[in-house]
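What the coordinates show
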Amino acid sequence: ISSLRAAGFDSLAVILHLRDNFFADEPLNKAVSLCKRGEPHAELEQLCLATMDDRLSIAAIQDDQNVQKCEDPNYHKIFNILYTVSRDLDIFNTFKVETLMECRIVSVDAAARGRGMAKELIKRSIELALEHEFRLFKVDATGHYSQRICRSLGMAELKKVSYEDYTDELGEPIFRIPAPHHALCIMVKELP
Ligand code: ACO
């Protein structure tokens, strides 16, 4: 946490925001009831802190705000789909790159949604990727809204996995996610 504070992030405020929003609302988290709103999640928070530690995270903060080994089987289900789908795409070889910038988490306070905040944050993340000379920007877009944003920012759909067709050994869907969220889309943008 101290290294993140040094990077200009109030990481504790970010984690509290994610507990109140992303942890409960992200479609895959919601499908497996990973967390109740406001609840902590050790492994997911570890991933969030490690991601912030990369020092490529950006946040839009209101002036007056303060701002892997999986033990949880539900967390395992989520990271299994994300990990295996990306692994099978062999992205580094396909795009002939050694590094890429991945937008792992996009989260907007429930009270501020639908005003273009997420689109602006992803747009700025792409600009950040360009500044850091990454040649590929990737998003594992787990829901309809993040997919709309990625498409509107010129990202291509590399792979779509329908949640209905992503089943266990008995043929039962592993994630039952209410509309409008239907699929996981791996979205990429090649950068000059
Ligand atoms: N109903 C209908 N359309 C909506 C809604 C809604 N409730 N919310 C957003 N949209 C549409 C917008 O109209 C817009 O589409 P358009 O450009 O075609 O008009 C698009 O979705 C994006 O809208 P934004 O306002 O930029 O998105 P917002 O700031 O509301 O944030 C987000 C979207 C981040 C998905 C938010 O709903 C959220 O925090 N959800 C919970 C966490 C989550 O699911 N994160 C994404 C997972 S994928 C990942 O993290 C890499």
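Model, not experiment: these values are computed from the prediction.

Some points on helix 6 (residues 73-89)
For helix 6, which comprises 17 residues, the first-to-last C-alpha distance of 24 Å matches the rise-based estimate of 24 Å (1.5 Å per residue) to within 8%. The set of residues buried in helix 6 consists of Y75, I78, F79, I81, L82, T84, V85, S86 and L89. Contacts from the buried residues of helix 6 go to helix 4 (27-31), helix 5 (42-53), helix 7 (91-94), strand 2 (136-141), strand 3 (156-162) and strand 4 (183-190). The backbone nitrogen of N74 has a side-chain oxygen 2.8 Å away, supplied by the residue at the start of helix 6, namely D72. With its phi angle positive at about 50°, D90 sits one or two positions after the end of helix 6.

Digging into the sheet that holds strand 2
Judged by pairing direction, the sheet is mixed, and its 4 strands sit side by side in the order 1-2-4-3 without closing on themselves. The outermost strands of the open sheet, each flanked by one partner alone, are strand 1 (101-103) and strand 3. This sheet shows a mean twist of 15° between the axes of neighbouring strands, independent of strand direction. For strand 2 and strand 4, the ladder comprises 6 bridges, and the chain directions are antiparallel. By the bridge assignment for strand 4, K138 is matched with V188. Running over the sheet, helix 6 touches strand 2, strand 3 and strand 4 and is turned about 45° from strand 4. Packed on one face of the sheet, helix 9 (residues 144-152) meets strand 2, strand 3 and strand 4 and runs near 20° to strand 4.

Reading guide: rules and limits
Residues numbered from 1 in each chain as written. Predicted model: local features only at pLDDT ≥ 70, side-chain atom pairs only at ≥ 80, totals over all residues. Heavy atoms only, no water. Helix = DSSP H or I, 4+ residues; strand = E, 2+ residues; numbered from the N terminus. Expected span 1.5 Å × (residues − 1). Buried < 20%, exposed > 50% of the residue type's maximum accessible area, 1.4 Å probe, protein only. Contact = heavy atoms within 4.5 Å. Polar contact = N/O pair within 3.5 Å; in protein donor to acceptor, adjacent residues only side chain to side chain. Pairing = 2+ DSSP bridges. Axes fitted to C-alpha atoms, helices over the stretch in contact; angles between N-to-C directions.

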